Amino acid sequence: MNHTKASAEENPFEAMHARFDLAAGKLGLEPGLYQILRTPDREITVAIPVVMDDGSIQVFTGYRVQHSLARGPAKGGIRYAPNVEIDEVRALAAWMTWKCAVVNVPFGGGKGGIICDPQKLTKGELEKITRRYVARIMDIVGPDRDIPAPDMGTDGQIMAWFMDTYSVHQGKFLPSVVTGKPISLGGSLGRIEATGRGVMICVREALKHLAMKAEHCTAAVQGSGNVGLISALQLASIGVKIVAISDIAGGIYNQKGLDLATISAHLAKTKRLEGLDCGETITNAQLLELPVDILVPAATENVITSRNAQNIKARIIAEGANGPCTAGADKILDQKGIFVVPDILANAGGVTVSYFEWVQNRMAFFWTQKEVEDRMEHIMCESFNAVVDMARRFSVSNRIAAYMLGIDRVATVTRMRGIYG
Ligand code: GLU
């Protein structure tokens, strides 16, 4: 998988700006607002000194970017990865702003990251890094300021430490400072499955739109983490045949369909696909170019670029990851007539249920799984239809339509609030 972000095409912040500029142009956004919405509201870099298990001291770098606070507190995950860069965090924060606006949940957008390799850290070291990071960003987060969540390399346990550190410092129980918590600590039912389920709902709606039948379709899923594996399981539940799946090391392909129960059990045990004997071994690059109906890139950024977009054979791409296609790839995918469900819609099920978790924490009243799923279903379908309708009315791609919908909602409240100062 691609971990270098050297070229301009692969700089995620530039990729975000390229689409922002197109959408802002179509909306006829006034120059002042264009400048405001293009620039992150606030960004901080913090040093995180930690005493490692061997007694040595290491100083990690952490970021938190709040792209927009116009529609509500900032919202967005925290990523732990060795290749985190500030431009990536900026892009991810802006994508959260547009994503929250597309699904119309009352949040702005933010994102955080720590440069570290969670695979190489012990549980104790991870806990120390997390707690010190929280202490460093304490003043800018909070239930009404900025509400983090899991992202790549982070999970419910890390959110539990986050919530605990914040609550201890504030002197009160404040679970709504963070979402994606374990259920017993105020997490919401349905949050773990939410992103993958949202991907499935978007694919199901796309199939309806294109008059295709799930049971006649095959899918390849890149990634087998929380988003990839659950997207695969969810798609299988509506009748789609999953023929390929991958992790960071590579993928497996079986034209006859993969045995997802065996794969899930193996992943639960080993966290990797290695050792499975249920198909042919392929690379992540090959997975993307398989002759399938549905492609779900659910791993990381920049996997579909101007270099390989021409070789994509899928009819539908549903972006489980944030930023898997570059702006250069967009043009080629459009020319090929591929129906792309863009990240800020396709993976918005996660933040939608994060919003439900925040609401339930503030009410201290919890919903059933069915209530969560029904509410999410409604929001995802409404958002899908709003994007497709926008694309039709303005003759633009689904991606630019989603940006237009999001940007317009943020621009509207920014105009109402006015410019202070
Ligand atoms: N990290 C997820 C995303 O990129 C979830 C964010 C959230 O729930 O706040 O959408």
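Residues numbered from 1 in each chain as written. Predicted model: local features only at pLDDT ≥ 70, side-chain atom pairs only at ≥ 80, totals over all residues. Heavy atoms only, no water.

**Details of unusual backbone geometry**
In plain terms, the rule: Secondary structure elements are defined from DSSP: runs of H or I of at least 4 residues count as helices, runs of E of at least 2 residues count as strands, and each element is numbered from the N terminus. The classification of residues rests on relative accessible area computed with a 1.4 Å probe and restricted to protein chains. Under 20% of the type maximum is buried, over 50% is exposed, and intermediate values are partly exposed.
Backbone geometry places N104, a non-glycine residue, at a positive phi of 60°. Checked against the element boundaries, N104 lands in the loop between α3 (86-102) and β4 (109-115). A relative accessible area of 44% places N104 in the partly exposed class. In this model, A211 sits at a positive phi of 55°, which is unusual for a non-glycine residue. Its location among the elements puts A211 in the loop between α6 (191-209) and β6 (218-222). For A211, a relative accessible area of 71% translates into the label exposed.

**Things to note about the sheet that holds strand β2 (residues 57-68)**
Applied cut-off: Strand pairing is defined by DSSP finding a minimum of two bridges between the two strands. The axes used here are C-alpha line fits, helices contributing only the stretch in contact, and every angle between their N-to-C directions lies in the interval 0 to 180 degrees.
One open sheet accounts for five strands, arranged β1-β2-β4-β3-β5; its pairing is mixed. Edge positions in the sheet fall to β1 (42-51) and β5 (146-150), since each of these pairs with one other strand and no more. Across the sheet, the axes of successive neighbouring strands diverge by a mean angle of 25°, strand direction being ignored. One ladder, built from six bridges, connects β2 with β4; its direction is antiparallel. Within β4, the residue paired with Q66 across the bridge is G110.

**Here we look at the packing of α6 against helix α7 (residues 226-237)**
Put simply, the rule reads: To sort the angles, those under 35 degrees are grouped as roughly parallel, those over 145 as roughly antiparallel, those from 65 to 115 as roughly perpendicular, and the leftovers as oblique. In this scheme, a crossing is called left-handed if the near helix is turned counterclockwise away from the far one by less than a right angle; it is called right-handed if the turn is clockwise. Two residues form a contact once any of their heavy atoms are found within 4.5 Å. When residues are grouped by polarity, Ala, Val, Leu, Ile, Met, Phe, Trp, Tyr, Cys and Pro land in nonpolar, Asp, Glu, Lys and Arg in charged, and all others, Gly among them, in polar.
As a packed pair, α6 and α7 sit with axes 8 Å apart at the nearest point and diverge in direction by 50°. Relative to α7, the element α6 is oriented oblique. Crossing handedness for the pair α6 and α7: right-handed. Contacts from I192, E193, T195, G196, R197, V199, M200 and V203 in α6 reach N226, V227, I230, S231, Q234 and L235 in α7. In terms of residue class, the contact of α6 with α7 is made up of seven nonpolar, five polar and two charged.

**Examining the nonpolar core**
Inclusion rule: In this description, a nonpolar core means a group of buried Ala, Val, Leu, Ile, Met, Phe, Trp, Tyr and Cys residues linked to one another through side-chain atoms lying within 4.5 Å.
Core analysis: the largest hydrophobic core is formed by 86 residues, its most contacted members being W98 and I263. Among the elements that line this core, the one with the most residues is helix α13 (residues 369-394), at ten residues. Leaving out residues up to four positions away in the same chain, W98 has contacts with M16, F20, L37, H67, I344, Y403, G406, I407 and V410. One finds V46, Y80, L121 and I137 within the second-largest nonpolar core, a separate group that totals 27 residues.

**Examining the site of the ligand**
The condition that has to hold: Residue proximity to a molecule or strand is established when one non-hydrogen atom of the residue lies within 4 Å of it. Think of a polar contact as two N or O atoms within 3.5 Å of one another; within protein, one of them needs to be a possible hydrogen donor and the other a possible acceptor, and neighboring residues in sequence only count if both atoms come from side chains. Reported accessibility uses the Shrake-Rupley method at a 1.4 Å probe radius. Residues are deemed covered only where the shown protein chains occlude them.
The immediate surroundings of the ligand are formed by 14 residues, with K75, K99, P150, D151 and S354 found nearest. In the model, a nitrogen atom of the ligand is placed 2.8 Å from a nitrogen or oxygen of the D151 side chain. Separating an oxygen atom of the ligand from a side-chain N or O atom of S354 is a distance of 2.6 Å. Out of a free accessible area of 290 Å², the ligand has 94% covered by protein chains. Residues belonging to the shell around the ligand are distributed by class as follows: four nonpolar, five polar and five charged.

**Structural notes on the sheet that holds β6**
Spatially, the seven strands line up as an open sheet ordered β9-β8-β7-β6-β10-β11-β12, and their pairing is mixed. Edge positions in the sheet fall to β9 (280-282) and β12 (339-341), since each of these pairs with one other strand and no more. The sheet shows a mean angle of 20° between the axes of neighbouring strands, taken without regard to direction. Both strand β10 (residues 294-297) and strand β11 (residues 316-318) contribute to a ladder of two bridges, which runs parallel. When the sheet's bridge partners are listed, L295 is paired in β11 with I317.

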